[in-house]
Each structure stands twice: as C-alpha cells, then as structure tokens.
Amino acid sequence: MDREAKINAFLYEFVRLYQNNPNLGIYSETFYAALCAYGTRIPFFGQVGIDFDIQNTFFEYWQKEFASNRNIIVYRTSAQRHFLQFQNGDERNYNHYKLYLNFPKPKMYYAVSKIFHYIANENIEHMSKVANTIRSDSVVLRINHQKDLIKVINFINNDPELRMSALPTNPFLPTEGVIGYGYDKMLSYNETLSMLLEQYFKEKRSSNSLAIVSTKDFQKYTYYIAYNMDKNPELLKSLMENPKVLKTFGRLQGSSSEEEVLTNYKSVIELISLSLSNNLNINDYLKLIDKYKSTAYELTEEKAFKALINGREKEERPEELLKEYTIYAILKYGINNVCNILISYLNGSSRAITRECNFRTRFIMSLKATQLLAITGGNIKGYVYKTFEAKGKQVFNEICIATASKYGTFQLTTALKEGMLGNYSYFTNEGERNLRKQLKLFVPQEVFNYYAREELDKLKLQTSIKR
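Note that the structure is a prediction, hence the values are computed from the model and not measured. (Residues numbered from 1 in each chain as written. Predicted model: local features only at pLDDT ≥ 70, side-chain atom pairs only at ≥ 80, totals over all residues. Heavy atoms only, no water.)

## Overview of empty space enclosed by the protein
Then step 1. Applying the stated criterion across every chain, the model contains 2 cavities of 30 Å³ or more.
Then step 2. In this structure, the largest cavity occupies an estimated 50 Å³ of space.
Then step 3. Lining the largest cavity, in full, are Y183, K185, E260, T263, N264, S267, Y292, Y297, E298 and E302.
Then step 4. Where the lining of the largest cavity is concerned, the elements lending two or more residues are α11 (258-275) and α13 (295-309). (1 Å grid on protein atoms, 1.4 Å probe; cavity = no way out; pocket = protein on both sides within 12 Å on 5 of 7 lines; lining within 4 Å. Points joined across faces, edges and corners; volume = space filled by probe spheres on them. Helix = DSSP H or I, 4+ residues; strand = E, 2+ residues; numbered from the N terminus.)

Okay, here's the thing in structure tokens:
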C-alpha cells in the first residue's frame, strides 16, 4: 500500500466514526492519539500509555550508559516528563531537522543505544528524545546540521538490524527508508497536523461532505491555509482564535512574538501540505528546511503577519489594483458583468467582489468607494471599456511580437491574414500565456481586422525598405 492509500485509510476511519456518530465531538486529541498509535498494534482509537519498564528501567540504564560520554548528555526534565532527553549542543537552538523512528519494545533498548552511540561518536549536535511509551514516534532526533542529518539517515538505513527492527511511522510523515522526517521548530508537527484535521473534519461535517474526505482533498485544504494565512485577514483571524494556537501564544509569550509563532505555523502547515502531494523527497525536504531556517524568510513572513495583525496589508496602489481586477474579471465574467459588479461595490456591497486572488480583502483595504469614483471619473462603464481596449491592444502587440520572434515575419503575415478570416491558429500560443485565448477575449473581430491591416501595412513598408 503506497503512502497516499495509507493516509486515505487513516482518514476513512474517521469518516466512518463521524458518519456513524453524528453527535460525537470532533477533537484534535482524537487525531493525535491515532497518529501516536499508528503502527504499534494499539487499537486505532486506543490511547498509548506509560510503559513503566521503559520509564523505570530503560531510562535509568541509558543515563548510566552514557554518563561518562563527553559528546552526549542524557537527562530528564519536568518540562517533558514523558521523555528522556539526549543532547549535544546549544539547548536554546530549536531550529532543527527532525527525524522520527518507531521501534517495538523488545528492540527499543538496543536500537536507541546503537543510534545514540553513533551520534555521540560522530560528535553530532542535536537535541533528541525518547518516549516512555511505545508510539509511532517513540524516538525523535533533532539534528542541527544538514551534513549530520544525512550521516544519521544513512547510518540507520544501512544498518540491517535497525532497518529490520523499525516499525512504520505515521503515514503523514514523508519517509526515507524506515525514517520519517519533518520540521516544527517551536511547535509540534503532529499537534499542528491534528489541529488541521480537527478543523477539516468539522468543516466537512458542517457542509455535509464527509463522503469526499481524501488525501487529495485534505491537501487542497492545507495548501489554501499555508498560502493565504499571511495574506487573508479573515483566515488569519480564524487561525489566531483557534484554542491550540492561543495555547501556543501563551506558552511562548515572552520568548516569541505573535508574528514569529505564526511564521512557524506557516512553515509547518506548508510542509504538511507539500508532503501530502506524495512527491516530496528528501532533497525537496532539505531545500524547504533551509528556506524555513533562513533569516530572510523569517523576516519577510514576520513582516507580513505583523502588517496583517495591525490591520494593514502591504500598501497597494488603488489604480493598479482596479486595473488588475478589471482585466481578471473580464476574463472570468465578461465585460458587461464587470461594470455591474463595480457599480455594486460602489454602492456598498463588498461581497460583489470575488475572494479569488484575495481581491475582496484587497479592495476593502486599498480601494475605497471614493477612490473608485476618482479613478473612473464617475464613469465606470467608460473605464471598463477603456481598460478592455488597452488590454486588447497589448495582447495584439504581444502575440505579433511572439509569433514573429518564434517563426519569422512570413508566418506573422500569414497569421494576420488568416486572423482576419477568424482563424487564429497561425499565431503562437506561448504555452501558459495562452495568447490566442486572450486575443479572442479582448480583441473583437472588427477591431482585430483594423489592427491587422495596420500591422500588415507596417510589414510591407519594412520589406520595401529592406529591398
């Protein structure tokens, strides 16, 4: 069973649960428990519990075993009382590459000892931990440097006994061999995933669409959040009011600002979304984490979140926004409908503007009714038709230049003549630019004929000069 099928099977267990129990509350804790239990032989909706042999025996032995090793410290802390900590390096650094491993109890002592002896012998900087329970992420390795991450991955996957002993990690984690990998900085990858699953299933239940739950649908849901949470004030407000996010704000208050925490959430949600596409390999992962760890990325995102929190998106020129929207809306709705939409907005209906491309929020923030009146001179229909004509002339010029550049002036001459007969197939389409479609939408036939005659006259003149 491939990874997508495993995730679908995981999601379908919850679909059945909530379809058969329509009054049952939907909580992130239920999803988190299922993620922890995955691959451990614990019942799907069961709870992992403290294993006192691991806590009272293994923990004590590991502490003694590594007590004299100068390259690793093994200790317990009340801040994470269900884990034993293994560390070499600055404990204030939270920005790690993160690996997850799952071992059965009979193999746990041997596997943990072997892995951490290797890490200590290589003097690898890390902040890692081992749980006092059997769970799908019982061993968590947080590695500081990429070169060391690769060494650890290769060591584990190339060791026959470790590889044969390992159990599956939860399917939402992309894997390299027997190792799951992720990133969460100051958060928890699985807690963030569980929060998203709770929101997703609540939305599906309220819209009576549990039947369409799938990996691909959940990926679309997470993708929308990841790429709009720093642009859409309504989405950001909803996220910031989530109890889990509020709890994180409280936990990190004094050490991290709201915008730093939100940047952290964005990176984790983006990673979850991209990993659901089933195409995220280890090289893609390394590039992503390098981006998340970069100062430039953090500063850019923090600035965007701070502006949104303060109720201000990046400053946008009203004239450019109106032009962008008018062209977009003509393509989508047709020229006459655009006039009616802008008149509705002028009369106080912001809902007339689509949410797509964040236009509604951008209009509210940057284009007041008084500005719309000023830009259009009070003549919305005239403005829309003028913009339509300007765009048409631009598209005509672009398709002529592209065709001549690609195929020569003879092909352009043929394309212009055929175009006057309504056949645009001799023009280049320029792939995703879709110039032929734009030409048909923005240049009426009689206008095209006028432009074409002008262009043919120019081409004749150029030919005669060359001769």
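## Quick look at the pairing of strand β4 (residues 126-131)
Then step 1. Within β4, 6 of the 6 residues are buried, which leaves it mostly tucked inside the rest of the structure.
Then step 2. Here β4 shows no split at all, with H126, S128 and V130 on one side and M127, K129 and A131 on the other all buried.
Then step 3. As judged from the 6 bridges shared by strand β2 (residues 83-88) and β4, these two strands associate in the antiparallel manner. Bridging across to β4, F86 finds its partner in S128. (Buried < 20%, exposed > 50% of the residue type's maximum accessible area, 1.4 Å probe, protein only. Pairing = 2+ DSSP bridges.)

## Some words on the nonpolar core
Then step 1. Residues W62, F86, L141, F172 and F201 are the most contacted members of the largest nonpolar core, which totals 94 residues.
Then step 2. In terms of residues, this core owes the most to one element, helix α4 (residues 105-121), which gives 8 residues.
Then step 3. Non-local contacts of F172, meaning those with residues more than four positions away in its chain, are made with R3, I7, F10, L11, L35, Y189, L193, L197, F218, S275 and L276.
Then step 4. Listed in part, the 40 residues of the second largest apolar core include I327, Y345, I380 and Y383. (Core = buried A, V, L, I, M, F, W, Y, C linked by side-chain atoms within 4.5 Å. Contact = heavy atoms within 4.5 Å.)

## Details of helix α8 (residues 215-228)
Then step 1. Given a rise of 1.5 Å per residue, 14 residues ought to cover 20 Å, and the 20 Å separating the end C-alpha atoms of α8 matches this to within 8%.
Then step 2. Along α8, the residues classified as buried are T215, D217, F218, Q219, Y221, T222, I225, A226 and N228.
Then step 3. Next to the buried residues of α8 lie α1 (3-20), α7 (189-206), α9 (233-240) and α11. (Expected span 1.5 Å × (residues − 1).)

## Points about unusual backbone geometry
Then step 1. At R41, a position not held by glycine, the phi torsion is positive, near 70°.
Then step 2. With respect to the element layout, R41 can be found in the loop between α2 (28-37) and α3 (52-65).
Then step 3. For R41, a relative accessible area of 75% gives the class exposed.
Then step 4. Phi is positive for N208, which is not a glycine, with a value near 55°.

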